Each structure stands twice: as structure tokens, then as C-alpha cells.
Amino acid sequence: MAVQTHLLDFRTLPTGGDSMSPETYILGLEKLVIEGFYMHENFGKNSIQRIFSDYKSVSLLRGPRESLITLRYYSVQNLVTVTVEYYLENGNPSLLSYEDCKILEAKWSQESTVQKTVKTIPRILRGIPFDIYFPTTDERLLEYDVDEICFDGQSQFQHVQIFHSKSFGKMLVLDDDPNLAESDLIYTDNLMRRGIENYKNSEILILGGGDGALLCELLKENPKNVIMIEIDEMVMSACRKHMGSLCGTVLDLQTTESNNYQVIFIIIQFTLNLVVK
């Protein structure tokens, strides 16, 4: 199914100067971490073995189901990081839940050597069949509850994907950037300033809008004419097939012309010339 990665960290008190060697201090940290996992029924006292590393500040502990616990001590910063990683097969229960990690937090936070509260990051899934993590422009990760990939293709312009999210419905993603979901009618309403702008008998030009949602909603306002120009036919084709709840029937043909709207798929150079004219 996926590799499960659990991350915990905390800061410790200084080693105590000459009264305690670094090796002894690290062994104490190992004991603290191992005993925390001993309490967990999935690990048990006999299921974790120490593996000596070439580096005194790194300890590798082997757990059940080929799980690996990595304990890293950064002596200058008095920082301890604990990483638990294992592969979870379909049908098998997780070795650790978020609540289990919170219990470890509480136990370790009570230790005299721990200077600051333990922090747990919810598990990260790796190696899954489809993406659930999408980066923001400032390099943060957003996790979506994706359970299906409906479309995946590479056009000459971009990577085009449509996922299904339990919370947001079908979602258009371009180059790993979520663009529009079935739950985003409020976004389209704000984009067109519905209720504020009067589009009746207006002539409107849409540059882009390949998902068809804006065109579909504008046509409900009785404009005189709407022209939509899009360079990526794959976006229109994918949305026409998978996101009909947003675009309705306005993308039913590659070049669609009705009484009051026209959808044009055209290469960018011709598009720019048309707009200039």
C-alpha cells in the first residue's frame, strides 16, 4: 500500500559537561526512546534490536514487519529526532497511529532530560499509486484526501491531472497545482463578481478557462456573446469528460459555437494576434 513515516522530535538538556561522556548520554537517549516503544503492543520488548552505526550520534533500531526506527542526536543543538518507517501492506493495521505518537509525546515530555515538549508530525505516506501531496509556491505541502485518479496526461504545455477528493469532489491539477474542484463554485462566483457585475447583453472574452466553469456560469447571466480562447485542448477534453458538473455541456465540441458563445482552441501565437486585432 504505502511506506508509513512517523516523525517525532524534542530538545534535551545539555550533556552535563565532564560529568557524563557523549557515549553515555546517547545510550541514555536510546534507552528513553526504546522503552517508549516497549510499551506499545505492536513492538514489544523483544522486537527491537540495536544496530550499531559508524556515527555515535545515530542509532538504528529494528522493529517488527521490517520497520526501522532512526534516532538522531544533534549535540550542538541538543536536538533529538526520531523517525519510524515501515511498509504497510493492504489489510494490515498500522504499527503506529497518531494517537500512539501522542502517547509517546506525553511519556517523553515527563523525562527529566527533556528540555522542551516533544512534537509529533502526522504520518507521511510514500510510494502510493497517486499523489496526495501538492506543494505550494512557498514550498509547503498540502495533503488532500485523494482516493482516485480520473485522468493523467502530459500535453505540450503542462501535466494535466484530475483527481477525486473525498472532501472536494473531482479536482483539476495542472503541473501539481490544484486549480479547481467541484466544490469551488464560490471561487467562480467571486471571479465573475456575481451579483455585482451585470453581464446581460455584454460581450465577454475569456482568456484560458479551459475547465469551462467560468463560461458555463457566465452564460447563465444572459450575455450577448462570450468568446473563450484556450491553448490546451487536453484540459478541455479532460474536463469535458470528467468535470461535467462544472462545465455542463459548453465543452462538448473542440470548437463549439452557439447563438451566444464560441469556444476556440488555438495556438498561442494566433491567439495573441486575434486579441491585438
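Residues numbered from 1 in each chain as written. Predicted model: local features only at pLDDT ≥ 70, side-chain atom pairs only at ≥ 80, totals over all residues. Heavy atoms only, no water.

K.L.:
Help me out: how do you make sense of the overall build of the chain in this one?
P.N.:
For the chain, the helix and strand inventory stands at seven helices and 16 strands. Looking at the 277 residues of the chain, the share that counts as buried comes to 39%. If you take every contact in the chain between residues at least 6 apart in sequence, the share linking residues at least 24 apart comes to 52%. Approximately 16100 Å² of the chain is accessible, and the part contributed by carbon and sulfur atoms is 51%. (Helix = DSSP H or I, 4+ residues; strand = E, 2+ residues; numbered from the N terminus. Buried < 20%, exposed > 50% of the residue type's maximum accessible area, 1.4 Å probe, protein only. Contact = heavy atoms within 4.5 Å. Areas by Shrake-Rupley, 256 points an atom, 1.4 Å probe, with all protein chains shown as cover.)

K.L.:
For this particular structure, what's the right way to read the nonpolar core?
P.N.:
Ranked by internal contacts, the top residues of the largest apolar core, which has 29 residues, are Leu172, Ile206, Leu215, Val250 and Leu251. Those elements giving two or more residues to this core turn out to be strand S10 (159–165), strand S11 (169–174), strand S13 (203–207), helix H4 (213–218), strand S14 (225–230), helix H5 (233–242), helix H6 (244–247) and strand S16 (261–265). Broken down by element, this core gets its largest block of residues, five residues, from H4. Apart from the residues within four sequence positions on either side, Ile206 is in contact with Leu214, Leu215, Leu218, Val226, Ile227, Met228 and Ile229. In this structure, Ile26, Tyr86, Leu88 and Leu104 belong to the second largest nonpolar core, which totals 25 residues. (Core = buried A, V, L, I, M, F, W, Y, C linked by side-chain atoms within 4.5 Å.)

K.L.:
So what exactly am I meant to see when it comes to H5 here?
P.N.:
Because the α-helix completes a turn every 3.6 residues, residues three or four places apart line up on one side. Of all the positions in H5, only Val235, Met236, Ala238, Cys239 and His242 are classed as buried. What you see down the axis of H5 is that its buried residues fit within an arc of 170°, all on one side. Two to three positions downstream of the cap, the backbone nitrogen of Met234 sits 3.1 Å from a side-chain oxygen, assigning the N-cap of H5 to Asp232. (Arc of directions from axis to C-beta. Polar contact = N/O pair within 3.5 Å; in protein donor to acceptor, adjacent residues only side chain to side chain.)

K.L.:
Which parts of the structure should I look at to understand the environment of Asp184?
P.N.:
Note on placement: Asp184 falls in the loop between strand S12 (177–181) and helix H3 (185–191). Residues Asp184 and Leu246 lie 62 residues apart in sequence; the distance between their C-alpha atoms is 8.9 Å. Engagement of the side chain of Asp184 in a polar contact is seen with the backbone nitrogen of Ala181, the distance being 2.8 Å.

K.L.:
Sorry, what's going on with the packing of aromatic side chains here?
P.N.:
The geometry of two aromatic rings is summed up by the distance between their centres and the angle between their planes. Counted under the stated rule, the structure contains four aromatic pairs. Ring centres of Phe134 and Tyr144 lie 5.4 Å apart, and the angle between their planes is 75°; this geometry places the pair in the edge-to-face category. Taken together, the residues span a long stretch of sequence, with Phe134 in strand S7 (residues 133–135) and Tyr144 in the loop between strand S8 (141–143) and strand S9 (146–154) at a distance of 10 residues. Given a relative accessible area of 1%, Phe134 falls into the buried group. Judged by centre distance (5.8 Å) and plane angle (65°), the ring pair of Tyr144 and Phe168 falls under edge-to-face. Of this pair, Tyr144 sits in the loop between S8 and S9 while Phe168 sits in the loop between S10 and S11, placing them 24 residues apart in sequence. Take Phe168: its relative accessible area is 35%, and that puts it in the partly exposed class. Ring pairing ties together the aromatic residues Phe134, Tyr144, Phe163 and Phe168, which thus form one cluster. (Phe/Tyr/Trp six-rings, centres within 6.5 Å; stacked < 30°, edge-to-face > 60°.)

K.L.:
Looking at this structure, I do not really get unusual backbone geometry. What am I missing?
P.N.:
Here the phi dihedral of Glu139 falls at roughly 65°; this positive angle occurs in a residue that is not glycine. Locating Glu139 in the fold gives a position in the loop between S7 and S8. In the Ramachandran plot, Asn201 falls in the positive-phi region, its phi being about 65° despite a non-glycine side chain. Topologically, Asn201 is positioned in the loop between H3 and S13.

K.L.:
What am I meant to see in the pattern of salt bridges here?
P.N.:
Charged atoms that come close allow side chains of opposite charge to pair. Summed over the entire model, instances satisfying the criterion amount to 10 salt bridges. Lys102 is the partner of Glu105 in a salt bridge, and the nearest nitrogen-oxygen pair spans 3.3 Å. In this pair, Glu105 and Lys102 are both assigned in helix H2 (residues 98–109), three residues apart and thus about one turn of the helix distant. Classification of Glu105 by relative accessible area gives buried; the value is 10%. (Salt bridge = Lys/Arg side-chain N within 4 Å of Asp/Glu carboxyl O.)

K.L.:
For this particular structure, what's the right way to read a nonpolar patch on the surface?
P.N.:
A cluster of nonpolar side chains, contributed by Ile186, Tyr187 and Leu191, occupies part of the molecular surface with about 330 Å² of accessible area. Taking relative accessible area as the criterion, Ile186 reaches 56% and is therefore assigned exposed. (Patch = residues over 30% accessible without salt bridge, like charges linked within 9 Å, V, L, I, M, F, W, Y side chains within 5 Å.)

K.L.:
How do you make sense of the side chain of Gln4 when you look at a structure like this?
P.N.:
Assignment of secondary structure puts Gln4 in strand S1 (residues 2–11). Setting aside residues up to four positions removed in sequence, Gln4 forms contacts with Val84, Glu85, Tyr86, Leu88, Ser94, Arg123, Ile124 and Leu125.

K.L.:
Is there a simple way to explain H2 in this structure?
P.N.:
Relative to the 16 Å expected for 12 residues at 1.5 Å per residue, H2 spans 16 Å between its end C-alpha atoms, a close match to the ideal helical length. Buried within H2 are the following residues: Asp100, Cys101, Leu104, Glu105 and Trp108. Relative to the axis of H2, the buried residues are bounded by an arc of 150° and lie together on one face. Turned more than 90 degrees off the buried face of H2, the exposed positions are Glu99 and Ile103. (Expected span 1.5 Å × (residues − 1).)

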